[in-house]
Every structure is written in C-alpha cells, then in structure tokens.
Amino acid sequence: MTEAASSLDETGHRLTRRGHELQVGIVPISHRVDGGHALVFGPATDGSPGVSDGCLVRIHSRCLYGDALRSDDCDCGPELDMAMDMIQREGAGVLIYLEQEGRGAGLINKARGLQTSERFDIDTFASYARLELSADSRSYESAARCLRDLGLTSVRLLTNNPEKVEPLERAGLTVTRVPLHTWPRSERARKYLQAKRRHRGHQIPRVLAVATVEHVEWERRARARVASLAIPVMTLPCALLGYFGVAAISAATGLVVLGLCMWPDLLGLHRSARRMRPAMRRPVDAVDPRHPHPERVEAFGDFSAPGEQRRVTPRRSGRRRNRTMAHAGADHADS
Ligand SMILES: [Zn+2]
C-alpha cells in the first residue's frame, strides 16, 4: 500500500457542500516551500478510495484574502469555487492546496506588495519588482509527485496558468487543460487579471481581462432582475392555465353527471313522443267528435244515443290526446 492510499484510508470522511455530500480523503504534501495537502474527492470508478485517470485536478495556491475573507480584489475565491463546483458535479477529483501565499513570497511580502501598488499606482508584479521580490517563486513539482503517488497518469487540469502544466507533463502525466474563467468583481480584480495576462501569460480571454466593473455589475443586476421577474411573470400564465383547466374539468364533469341523471327522463320523453306521434299526425278535420275512437266503433259498434256526446273514459296515458281531440271537435263545430 502506497503512502497516499494509506492516508486516504486513515482520513476518509464525508464533506457536505452546497447541500450535497462528498467523500474526501487527505494526503499531505511535504515540502519546505511548496508543501500543502491534496484533498482527494472520490471514490474512484472502481469504488475504491481515490480517483481514476482523467479526473479533474485543481492546483490552488493559498490566498487568505480571496479564499477565506472572500476579497473581491483577486480571482482566487471565484476560481476555487468554480473548481470545486466542477469537481462536485463529477463526484470525483483532486484539489491540491499549496501553502504558497503571495505567489510564494508569503503573506507579509504580499501585504507589502499591495501597499506599494497603492502608493505608486502600479500593478502587483511591478511592486514585487520594486521590492526586489521574485514575480512568482512557486513551483509545482511536489504537486506533480503527489498526483503520481495517487496512481494517476492523466488529469484534466483546471487552470489558466501555463506554468502549472509543464511540471506535470515533466512528471509523466498527460495533461488536458480546462480553463477557469471568472468575471472580475472589482476594478482591482480587473487590473490583476490584466496584469497576469500581460506579465505571466495566463490564458484569460481578453474580454474578461478588460471587462469593466460596470459591465460586471450590469450583468449581475441583469441576472438578478431576470430572476426576480421570472416568478411574477410565470405566475399569471400558470394561474390562468390552472383556473381554466379546473373550470373546464368541472364543466365537463357537471355535464356528464347531468346527462347521467337525466338519462331516464330523456328515455321517458322519447317513449311518450313515440306514443303521441299517430294522434299528432291525424288531420283534425277527419276526427268525428262523436267518435273519437273510430277503430273501437268499428269493432264494437256505436252505443251512444243520437245527439248525445259519447262519454269516453280516457286511459291515463291518453288523457292529453282526448283533450286535444275534444278541442279540435269544438273548433270544428264552431266553424
Ligand atoms: Zn488572491
């Protein structure tokens, strides 16, 4: 068992970030200047503690202001956030966190450089030169060795800094660079991106390096405005759809229930209409008021006295028909 695998076994635990858990183990990186720790998020594709070839790797130099204090003066915090978001989305990756504050010069020299920048209105690289400090004294050989100790032969490196690629390739790793582009959040950060691009060849798109703070602020406000308008704008159509949908369903249900309730009555009306149809069709002039039922007279004979209205006890179902015929006879007599 390698030292790295042993460390992962001893230190593996769950870490909650943005509401989701990740499995993480820690591997120490011992070096006098470029030491730190490797945070190995896994598991590997075979389920074992560790990572697999081709995983995402971020080599991040410590920046107390950007990482911990969330300063807007540099891009360290946003880069770390973006790298961790990508690793978390994949569920695996390596964050190598090196104690290289102030590009290897330390926190005190970093503060002196920032003071010099303010005093002479120069960028951080010019102020380091004025203080006779190396522009960048970091090295990444220890990080490359750590990645090899983890059993990796290829990685996807999250960086804009070409100086981080070469040491890993020299260590035998196949490196695919994945850019980390973040918007500057202040005028100082914008100038810092421009300086890194100009002095150290960082692969930052020019549109990001020269982006004005006003543009960044405008974009932030636009995103916030869209997010704030999305809910009320979508609420009205959704409410209308819901209202009319419920109304349509209620109306359809009501019609179905009404139809079921009236079905027997409709059948009864239909049968009554069929029974009334012959009388309705008979011409009024052809009816003899004395013999409203000529078919009965024909069968049984006329028992009524001459000049006497024959009394007929209508059946229940024929009441309407006889009344209609009597009225028709009266009209006929008056005419
Ligand atoms: Zn920083």
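Right above here is the structure, for reference.
Residues numbered from 1 in each chain as written. Predicted model: local features only at pLDDT ≥ 70, side-chain atom pairs only at ≥ 80, totals over all residues. Heavy atoms only, no water.

Turning our attention to the packing of aromatic side chains. Within the structure shown, the criterion is met by one aromatic pair. Between Tyr-243 and Phe-244 the ring centres are 5.3 Å apart and the planes differ by 75°, which places this aromatic pair in the edge-to-face class. Relative accessible area serves as the criterion here: at 54%, Phe-244 is assigned to the exposed category. Above the ring of Phe-125, the side-chain terminus of Arg-103 is found at 4.2 Å from the ring centroid. When the ring centre of Tyr-128 is taken as origin, the NZ or CZ atom of Arg-103, which lies over that ring, is 4.5 Å away. (Phe/Tyr/Trp six-rings, centres within 6.5 Å; stacked < 30°, edge-to-face > 60°. Buried < 20%, exposed > 50% of the residue type's maximum accessible area, 1.4 Å probe, protein only. Lys NZ or Arg CZ within 6 Å of the ring centre and 35° of its normal.)

Moving on to the coordination of the zinc ion. Only Cys-63 (SG), Cys-74 (SG) and Cys-76 (SG) from the protein reach the zinc ion as donors, at distances of 2.1 to 2.3 Å. Taking the relative accessible area as the measure of exposure, Cys-63 reaches 4% and is therefore buried. Assessed through its relative accessible area of 16%, Cys-76 is described here as buried. (Donors = N, O, S within 2.8 Å, 3.2 Å for Na, K, Ca; no water.)

Right, let's get into the environment of Lys-164. Looking at the element boundaries, Lys-164 is found in the loop between strand E6 (154–158) and helix H7 (165–170). C-alpha of Lys-164 to C-alpha of Arg-177: the two residues are 13 residues apart in sequence and 9.6 Å apart in space. When residues no more than four places from it in sequence are discounted, the contact partners of Lys-164 are Arg-58, Ile-59, Tyr-140, Leu-157 and Thr-159. In this structure the side chain of Lys-164 is engaged in a polar contact, spanning 2.7 Å, whose partner is the backbone oxygen of Ile-59. (Helix = DSSP H or I, 4+ residues; strand = E, 2+ residues; numbered from the N terminus. Contact = heavy atoms within 4.5 Å. Polar contact = N/O pair within 3.5 Å; in protein donor to acceptor, adjacent residues only side chain to side chain.)

We now examine the pairing of E6. Two strands pair when backbone bridges link them, and strand E4 (residues 55–61) and E6 are joined in this way by three bridges, in the parallel orientation. Counted as the bridge partner of Val-57 is Leu-157 from E6. In the sheet, E6 pairs with strand E7 (residues 174–178) via five bridges, with the strands oriented parallel. Within the sheet, the bridge partner assigned to Leu-157 lies in E7 and is Arg-177. The parallel pair E6 and E7, bridged by H7, forms a crossover whose chirality is right-handed. (Pairing = 2+ DSSP bridges. Right-handed = clockwise from strand over helix to strand, strands pointing away.)

Here we take up the environment of Leu-56. Structurally, the position occupied by Leu-56 is in strand E4. Ignoring sequence-local partners within four residues, the contact set of Leu-56 consists of Met-86, Ile-87, Glu-90, Gly-93, Val-94, Arg-156 and Leu-158.

Among the structural elements, Asp-34 can be located in the loop between strand E2 (20–29) and strand E3 (36–42). For the buried residue Asp-34, which engages in no salt bridge, the nearest side chain bearing the opposite charge is Arg-138, 7.3 Å off. Within the structure, the side chain of Asp-34 is placed 2.7 Å from the side chain of Gln-100, a separation counted as a polar contact. Every residue in contact with Asp-34, bar those within four places of it in the chain, is listed here: Ile-29, Leu-98, Gln-100, Arg-138, Ser-139 and Ser-142. (Lys, Arg positive; Asp, Glu negative; His and termini not counted. Salt bridge = Lys/Arg side-chain N within 4 Å of Asp/Glu carboxyl O.)

What follows concerns the sheet that holds E4. Read from one edge to the other, the open sheet built from seven strands follows the order E1-E2-E3-E5-E4-E6-E7, with strand pairing classed as mixed. The open sheet has two edge strands, strand E1 (13–17) and E7, and neither has a second partner. Pairs of neighbouring strands in the sheet enclose a mean axial angle of 30°, with direction left out of account. Of the strand pairs in this sheet, E4 and strand E5 (residues 93–98) are connected by five bridges, and their pairing is parallel. Bridge pairing links Ile-59 to Ile-96 in E5. Those strands touched by helix H1 (residues 3–11) are E1, E2 and E3, and its axis lies near 135° from that of E2. Contacts from helix H6 (residues 141–149) reach E2, E3, E4 and E5 within the one sheet, and its direction differs from that of E5 by about 150°. (Axes fitted to C-alpha atoms, helices over the stretch in contact; angles between N-to-C directions.)

Turning next to a nonpolar patch on the surface. Taken together, Leu-236, Leu-240, Tyr-243 and Phe-244 make up a surface patch of nonpolar side chains, about 470 Å² in accessible area. Within the secondary structure, Tyr-243 is located in helix H10 (residues 213–281). Given a relative accessible area of 56%, Tyr-243 falls into the exposed group. (Patch = residues over 30% accessible without salt bridge, like charges linked within 9 Å, V, L, I, M, F, W, Y side chains within 5 Å. Areas by Shrake-Rupley, 256 points an atom, 1.4 Å probe, with all protein chains shown as cover.)

So, about the pattern of salt bridges. Scanning the entire structure with this criterion turns up 18 salt bridges. The shortest N-O distance in the salt bridge between Asp-85 and Arg-17 comes to 2.9 Å. Here the residue Asp-85 occupies a position in helix H3 (residues 76–90), and Arg-17 occupies one in strand E1, the gap between them amounting to 68 residues. Assessed through its relative accessible area of 22%, Asp-85 is described here as partly exposed. Overall, the relative accessible area of 15% leaves Arg-17 in the buried class.

Geometric descriptors of this kind do not, in isolation, establish any biological role.
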